[in-house]
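Structural description and commentary
The residues making up each chain are set out below.
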Amino acid sequence: MNDVPEGARAGFVALIGEPNAGKSTLLNRMVGAKVSIVTHKVQTTRARIRGVCMEGVSQIVFVDTPGIFRPRRRLDRSMVKAAWGGASDADVVVLLIEATRGITEGVEAIIARIADEMPKGKPVALAINKIDRVKAETLLELAESCNAAFPFAKTFMISAEKGYGVKDLREWLAEQIPSGPWYYPEDQIADLPMRMIAAEMTREKLTLRLHEELPYQLTVETEKWEDKSDGTTRIDQIIYVARDGHKGILLGAKGETIKQIGSAARAEISEFLGRTVHLFLQVKVRPNWLEEAERYSEMGLDFKDGDA
Ligand SMILES: Nc1nc2c(ncn2[C@@H]2O[C@H](COP(=O)(O)OP(=O)(O)O)[C@@H](O)[C@H]2O)c(=O)[nH]1
Ligand SMILES: [Mg+2]
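Residues numbered from 1 in each chain as written. Chains lettered and ligands numbered in written order. Predicted model: local features only at pLDDT ≥ 70, side-chain atom pairs only at ≥ 80, totals over all residues.

1. Description of the sheet that holds strand E7 (residues 218-227)
To be explicit about the condition: At least two DSSP bridges between two strands are needed for those strands to be called paired. Starting at the N terminus, helices and strands are each numbered in turn, a helix being any DSSP run of H or I of at least four residues and a strand any DSSP run of E of at least two. For helices, the fitted line uses only the C-alpha atoms of the stretch in contact; every axis is such a line through C-alpha atoms, and the angle between N-to-C directions lies from 0 to 180 degrees. Contacts here follow a simple rule: the backbone-placed C-beta atoms of the two residues must lie within 7 Å.
The strand order across the open sheet formed by three strands is E7-E8-E9, and the pairing between neighbours is mixed. Across the chains shown, the open sheet's two edge strands, defined by having one partner strand only, are E7 and strand E9 (276-285). Taken pair by pair, the neighbouring strands of this sheet meet at an average axis angle of 20°, ignoring direction. Relative to E9, helix H7 (residues 244-251) is tilted by about 150°, and along the sheet it contacts strand E8 (232-241) and E9. Packing against the sheet, helix H8 (residues 256-273) makes contact with E8 and E9, and its axis sits at approximately 140° to E9.

And the structure:
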């Protein structure tokens, strides 16, 4: 596929951590574009999302994963399984923790499982994120206690949002991945079908706009995609919700809510594509969508991974 330059390297780096640690923000920062959606709410990322970044002659394929937490629903179990699957398939693992929260019970459990399951020889780095929010002393203490719990190959202090420390991390990762030809063309930044990226962008706007459990009870699928000869694109998406009441909330009075969400999503998809987009959203009530295998494959998850 590619002419491989002298010394080329290529490998997968899994970003794992608790929900909200900043994994998707870091992936986007590394790639230089928003390929993974980000919100202030937990469990925004549902599937493994690959973003590709070049560092010299090294091609680093970052794998953003759903947050790791104690799952209850089938969807949650599938998500957590996908996260650990991402880690075990990767050449290098980066555990992100939040400087502001320190070693939570959740972080402890993740470190314990890393110690248990990660094959010796697979580098696992620690990235303490959101350092823009805490004092330096706290950071040093936190780094020490984490390294007492597990011998991390290296510890980084970063701010995914502000970009601090991100270059050091990327350079180090570039040296850790194996020698070999690149997996993707040099200019490719994501490995996710456009129809899925577009569905995720709409889901991000829904998650930001809707409250409480509603964002966790809906899913978005791109139903139709038509690049027209006049240079515009028509995209039809379906939003599946679990209850009639949810549909009402989503539509809002006189359809105002869905209109605003659609317009925000349309703007973002349009900017990403560099084309004028006409986005059509349809809301369907599907009480059982959380138990339908097809919904999972559309999300990029394995339905059976959710088996209790
Ligand atoms: N202050 C600060 N906030 C951050 C930083 N990185 C991520 N965030 C915020 O943390 C929240 C969760 O980020 P996200 O990337 O979705 O986390 P994920 O669940 O691990 O993928 C979002 O509101 C981000 O804007 C950072 O370095 N500093
Ligand atoms: Mg995420």
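Structure shown, so let's carry the discussion forward.
2. Concerning the site of ligand 1
Rule in force here: Nearness here is judged by the C-beta atom: place it from the backbone, and if it falls within 6 Å of a molecule or strand, the residue counts as near that partner. Think of it as three bins: nonpolar holds Ala, Val, Leu, Ile, Met, Phe, Trp, Tyr, Cys and Pro, charged holds Asp, Glu, Lys and Arg, and polar takes everything else, Gly as well.
Taken together, 22 residues form the shell around ligand 1, and within it Gly 22, Lys 23, Ser 24, Thr 25 and Glu 161 come nearest. A total of three residues in the shell around ligand 1 trace back to one element, the largest contributor, which is helix H1 (residues 23-31). A per-class count over the shell around ligand 1 returns four nonpolar, 12 polar and six charged.

3. Side note on the packing of helix H6 (residues 194-209) against H8
Heads up, the condition is: Roughly parallel here means an angle under 35 degrees, roughly antiparallel means over 145, roughly perpendicular means 65 to 115, and every remaining angle is called oblique. A clockwise turn of the near helix away from the far one marks a right-handed crossing, whereas an anticlockwise turn of less than a right angle marks a left-handed crossing.
Their axes nearest at 9 Å, the elements H6 and H8 cross at an angle of 140°. Classified by the angle their axes make, H6 and H8 are oblique. Pair H6 / H8 crosses with right-handed handedness. Across the interface between the two elements, Ile 197, Ala 198, Met 201, Thr 202, Lys 205, Leu 206 and Arg 209 from H6 touch Thr 257, Ile 261, Ala 264, Ala 265, Glu 268, Ile 269 and Phe 272 from H8.

4. Brief notes about the domain arrangement of the chain
Basically, it comes down to this: All domain edges in this entry derive from an automatic or database-based domain assignment.
Taken domain by domain, the chain comprises domain 1 (9-176) and domain 2 (194-306). Taken over C-alpha atoms, the centre of domain 1 sits 27 Å from the centre of domain 2. In terms of residue class, the side of domain 1 that touches domain 2 is made up of six nonpolar, four polar and seven charged.

5. Describing helix H5 (residues 166-176)
Our working definition: With C-beta atoms placed from the backbone, a residue is labelled by how many other C-beta atoms lie within 10 Å of its own: buried for 20 or more, exposed for 12 or fewer, partly exposed between the two. The arc under discussion is defined with respect to the helix axis, by the directions toward the C-beta atoms.
Of the positions making up H5, those classed as buried are Leu 169, Arg 170 and Leu 173. Taken around the axis of H5, the buried residues stretch over an arc of 95°, which confines them to a single face. More than 90 degrees from the buried face of H5, the exposed residues found are Lys 167, Glu 171 and Glu 175.

6. Digging into the pairing of strand E5 (residues 124-129)
To keep things clear, this is the line we draw: Handedness of a crossover is defined as follows: orient the strands so they point away from the viewer, and if the path from the first strand over the helix to the second runs clockwise, the crossover is right-handed.
Counting buried positions over the six residues of E5 gives five, a clear majority of the element. Running through helix H3 (residues 105-117), the crossover from strand E4 (residues 92-98) to the neighbouring parallel element E5 is right-handed. Two strands pair when backbone bridges link them, and E5 and strand E6 (residues 154-157) are joined in this way by four bridges, in the parallel orientation. Along E6, the bridge assignment pairs Ala 125 with Lys 154.

7. Observations concerning the environment of Glu 18
Looking at where Glu 18 falls in the secondary structure, it is placed in the loop between strand E1 (9-17) and H1. Overall, the presence of 21 C-beta atoms within 10 Å leaves Glu 18 in the buried class. Sequence separation between Glu 18 and Val 94 is 76 residues, and the spatial gap between their C-alpha atoms is 12 Å. When residues no more than four places from it in sequence are discounted, the contact partners of Glu 18 are Gly 67, Ile 68, Phe 69, Thr 104, Gly 106 and Val 107.

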